[in-house]
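# Topology and contacts: notes
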Amino acid sequence: DGGITQSPKYLFRKEGQNVTLSCEQNLNHDAMYWYRQDPGQGLRLIYYSQIVNDFQKGDIAEGYSVSREKKESFPLTVTSAQKNPTAFYLCASSYTSGSFSDEQFFGPGTRLTVL
Amino acid sequence: DAKTTQPNSMESNEEEPVHLPCNHSTISGTDYIHWYRQLPSQGPEYVIHGLTSNVNNRMASLAIAEDRKSSTLILHRATLRDAAVYYCILDNYGQNFVFGPGTRLSVLP
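What comes next concerns the included structure. (Residues numbered from 1 in each chain as written. Chains lettered and ligands numbered in written order. Predicted model: local features only at pLDDT ≥ 70, side-chain atom pairs only at ≥ 80, totals over all residues. Heavy atoms only, no water.)

## Structural notes on the sheet that holds strand β5 (residues 55-56) of chain B
Residues and elements named next belong to chain B.
- Reading across the sheet, the four strands line up as β2-β7-β6-β5 and stay open at both edges, with antiparallel pairing between neighbours. The open sheet has two free edges, formed respectively by β2 (18-23) and β5, since each of these has just one partner strand.
- Relative to strand β7 (residues 70-75), β2 is paired through six bridges, and the arrangement is antiparallel. From the neighbouring strand, Pro21 faces β7, where its bridge partner is Thr72. (Pairing = 2+ DSSP bridges. Helix = DSSP H or I, 4+ residues; strand = E, 2+ residues; numbered from the N terminus.)

## Some points on the sheet that holds strand β1 (residues 4-7) of chain A
Residue and element names in this part refer to chain A.
- Pairing within the open sheet is antiparallel, and its four strands lie in the order β1-β3-β8-β7. The two strands at the open ends of the sheet, each matched to only one other strand, are β1 and β7 (64-66). Shown here is a sheet whose adjacent strand axes are inclined to one another by a mean of 20°, direction ignored. (Axes fitted to C-alpha atoms, helices over the stretch in contact; angles between N-to-C directions.)

## Topic: the nonpolar core
- Of all hydrophobic cores here, the largest spans 20 residues; its most connected members are B:Leu20, B:Ile33, B:Trp35, B:Leu73, B:Leu75, B:Tyr86 and B:Leu105.
- The set of elements that each furnish at least two residues to this core consists of β2, β3 (32-38), β4 (45-50), β6 (61-64), β7, β8 (84-91) and β9 (103-108) of chain B.
- It is β8(B) that contributes the most residues to this core, four residues altogether.
- Aside from chain neighbours lying at most four places away, what touches B:Leu20 is B:Met10, B:Trp35, B:Ser71, B:Thr72, B:Leu73, B:Tyr86, B:Thr103 and B:Leu105.
- The next biggest cluster of nonpolar side chains, apart from the first, holds 19 residues, and it includes A:Leu11, A:Ala61, A:Ala87 and A:Cys91. (Core = buried A, V, L, I, M, F, W, Y, C linked by side-chain atoms within 4.5 Å. Buried < 20%, exposed > 50% of the residue type's maximum accessible area, 1.4 Å probe, protein only. Contact = heavy atoms within 4.5 Å.)

Following this line, the structure appears as structure tokens:
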């Protein structure tokens, strides 16, 4: 089955700890994205990557970091510098780099709770 | 950045058509109009997109106003599984990644 996987589904961390969220896709997509969603709100773009070894900041990149060493993987690290990290995190991918006019495929999300 | 405005919520009866409106008065000539929907605790899923002409697919139809300042997503026969938050998004080749709060659609049996 082709798709995007995010793990784990639920994640709990203590305040002050860094945590890395996994995102893997086997769709052979060039572009990958990370969004954050707070309760009752829309999605906000954190980072996106159009090609391996390259990524750009989205609207709310502060306190987050990413890497894109492989086409299939785009992990997101939530650092201790992120003031309000508790949220629902969504990873997405699309086929053509640099064009959001292509359909984005979303993973099931990771719900992060910082205690 | 071009923005969209949608009603916060709408209700429909099962098996009736639903028209979900979206206003985008500052749309540029190269902005595509996308619709996604999100079920509770899931990632969004693509519904449909278009540029100027009306579009149809197996899920829905997209009607785009002649001046492109508004569009309407049409679900021809709402089912209980169509209850979700629907997002209208403008895309200008990767320059606009803005999901607003969307419209929460409730479908009544």
